[in-house]
Amino acid sequence: MVEIAAFILWQIWKLRCDFVFDNAQVNVQIVVNLSNQNRHDWITSNSNQLNRVHHGTRARVHVPWKSPPESFTKINFDASFSKDTKLMRTGLIVVDDAEEWKAAGCIPAVAQDAEKAKAQDALEGIKWVVANQVINL
């Protein structure tokens, strides 16, 4: 169930960015269909052995997500960026050692380019950790 929710949330995030930055129309059925397709693609691509050759050019190693050690918190973050408007958003997801979601958020900002947006999303993650007094990260 968590797996399905993660794919739906990811698709909602992507479509939200399309809506905000590209004035795209949002359709709920598209969110559902793309979420299911992404989940299916992910399962298919990860169903083979851990090491495999991808299109005969390079090896791919599947590394599954692991919860943080006991008494630790894990924070995942990523940025979206519009080169036309220079607007960016940092998305944060916080999980504890019991794999419980503790927080999630979106932080708007402005960046000069995609590289600086990526650096700024790391900074926003650090600021969030400091503001929320997370000790074991």
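Residues numbered from 1 in each chain as written. Predicted model: local features only at pLDDT ≥ 70, side-chain atom pairs only at ≥ 80, totals over all residues. Heavy atoms only, no water.

Chemist: Can you explain a nonpolar patch on the surface? Please cite residues and give values.
Modeler: Together, Ile 8, Leu 9, Ile 12, Ile 93 and Trp 101 make up a nonpolar patch on the protein surface, roughly 410 Å² of accessible area in all. In terms of residues, the nonpolar patch owes the most to one element, helix α1 (residues 2–22), which gives three residues. (Patch = residues over 30% accessible without salt bridge, like charges linked within 9 Å, V, L, I, M, F, W, Y side chains within 5 Å. Areas by Shrake-Rupley, 256 points an atom, 1.4 Å probe, with all protein chains shown as cover. Salt bridge = Lys/Arg side-chain N within 4 Å of Asp/Glu carboxyl O. Helix = DSSP H or I, 4+ residues; strand = E, 2+ residues; numbered from the N terminus.)

Chemist: Mind laying out the side chain of Thr 90, listing which residues take part and the relevant values?
Modeler: For Thr 90, the location among the structural elements is in strand β4 (residues 87–96). Thr 90 has contacts with Phe 77, Asp 78, Ala 79, Gly 105, Cys 106, Ile 107, Asp 121 and Glu 124, leaving out every residue within four places of it along the chain. (Contact = heavy atoms within 4.5 Å.)

Chemist: For the sheet that holds strand β5 (residues 101–110), give the residues involved together with the corresponding values.
Modeler: Read across the open sheet, the three strands follow the order β3-β4-β5; overall the sheet is antiparallel. Where the open sheet ends on each side, the last strands, each with one partner, are β3 (73–81) and β5. Averaged over all adjacent pairs, the angle separating strand axes in this sheet is 15 degrees, with direction ignored. Inspection of the sheet shows β3 paired to β4 by nine bridges, in the antiparallel sense. (Pairing = 2+ DSSP bridges. Axes fitted to C-alpha atoms, helices over the stretch in contact; angles between N-to-C directions.)

Chemist: An account of the side chain of Glu 124 is needed here, citing residue identities and associated values.
Modeler: Looking at the secondary structure, you find Glu 124 in helix α3 (residues 114–131). Once residues lying within four places of it in the same chain are set aside, the contact partners of Glu 124 are Thr 90 and Ile 107.

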